[in-house]
Amino acid sequence: MTDGRFCDAHAAEDRQRHDRARQEAQPWRGWYKVKSWLDIRAWRLSVEPLCRMCAEHGLTVAATVVDHVKPHRGDRALFFNRENTQSLCKPCHDGPKQAAERAARGQSARGVGGV
């Protein structure tokens with residue numbers, strides 16, 4: 001068993017179904033693969049190589065994720081605005097940053113959608 005729902009043979013198929021459903025519900029997810037976003041991502045990590053949230057706590061941690069400061073919610077102009085980006089480490093992005101966004105939307109920690 002992989003996650004308690006499917007055997008190893010069917011887990012990959014379930015992940016593919018899940019990914020397709022998310023792409024259909026949120027077509028902007030494809031924007032993360034276009035050259036202009038990849039350029040913004042590379043630029044942000046070059047000018048801000050450390051996690052912004054960790055730095056606020058006096059920690060020096062390499063950033064691996066480029067995050068939208070203000071959630072774009074499918075707004076193309078906001079998505080591709082490089083001044084609306086910040087460098088974060090994956091734990092900060094996936095933990096406190098996402099929790100704050102869910103709280104702002106009034107969702108529980110198990111909110112639908114995520115990033």
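Look up a bit, the structure's there.
Residues numbered from 1 in each chain as written. Predicted model: local features only at pLDDT ≥ 70, side-chain atom pairs only at ≥ 80, totals over all residues. Heavy atoms only, no water.

## Observations regarding the pattern of salt bridges
Here comes step 1: Scanning the entire structure with this criterion turns up seven salt bridges.
Here comes step 2: Note that Asp-67 and Lys-97 form a salt bridge whose closest N and O atoms lie 3.0 Å from each other. Taken together, the residues Asp-67 in strand β1 (residues 65-68) and Lys-97 in helix α5 (residues 90-105) connect sequence positions 30 residues apart.
Here comes step 3: In this structure, the salt-bridge partner of Asp-94 is Lys-90, at a minimum N-O distance of 2.6 Å. (Salt bridge = Lys/Arg side-chain N within 4 Å of Asp/Glu carboxyl O. Helix = DSSP H or I, 4+ residues; strand = E, 2+ residues; numbered from the N terminus.)

## Observations regarding α5
Here comes step 1: Relative to the 22 Å expected for 16 residues at 1.5 Å per residue, α5 spans 21 Å between its end C-alpha atoms, a close match to the ideal helical length.
Here comes step 2: Along α5, the sharpest change in direction is near 35 degrees and occurs at Gln-98.
Here comes step 3: Cys-92, His-93, Lys-97, Gln-98, Glu-101 and Arg-102 are the residues of α5 that are buried.
Here comes step 4: In the core, the buried residues of α5 are packed alongside α3 (52-56), β1 and β2 (85-88).
Here comes step 5: A positive backbone phi angle near 80 degrees is found at Gly-106, which sits one or two residues after α5. (Expected span 1.5 Å × (residues − 1). Bend = angle between axes of the 7 residues up to and from the residue. Buried < 20%, exposed > 50% of the residue type's maximum accessible area, 1.4 Å probe, protein only. Contact = heavy atoms within 4.5 Å.)

## Here we look at the pairing of β1
Here comes step 1: Burial along β1 is two-sided: Val-65 and Asp-67 facing one way and Val-66 and His-68 facing the other are all buried.
Here comes step 2: By the bridge criterion, four bridges tie β1 to β2 in an arrangement that is antiparallel. Paired with His-68 across the bridge in β2 is Thr-85. (Pairing = 2+ DSSP bridges.)

## Notes on the nonpolar core
Here comes step 1: Core analysis: the biggest nonpolar cluster contains nine residues, these being Trp-28, Trp-31, Trp-37, Ile-40, Leu-45, Ala-63, Val-66, Phe-79 and Phe-80.
Here comes step 2: No other element matches the three residues that helix α2 (residues 35-47) contributes to this core.
Here comes step 3: Apart from the residues lying within four places of it in its own chain, the contact partners of Val-66 are Trp-37, Arg-41, Arg-44, Leu-45, Thr-85 and Gln-86.
Here comes step 4: Within the second largest apolar cluster, six residues are counted, among which are Met-53, Cys-54, Leu-88 and Cys-92. (Core = buried A, V, L, I, M, F, W, Y, C linked by side-chain atoms within 4.5 Å.)

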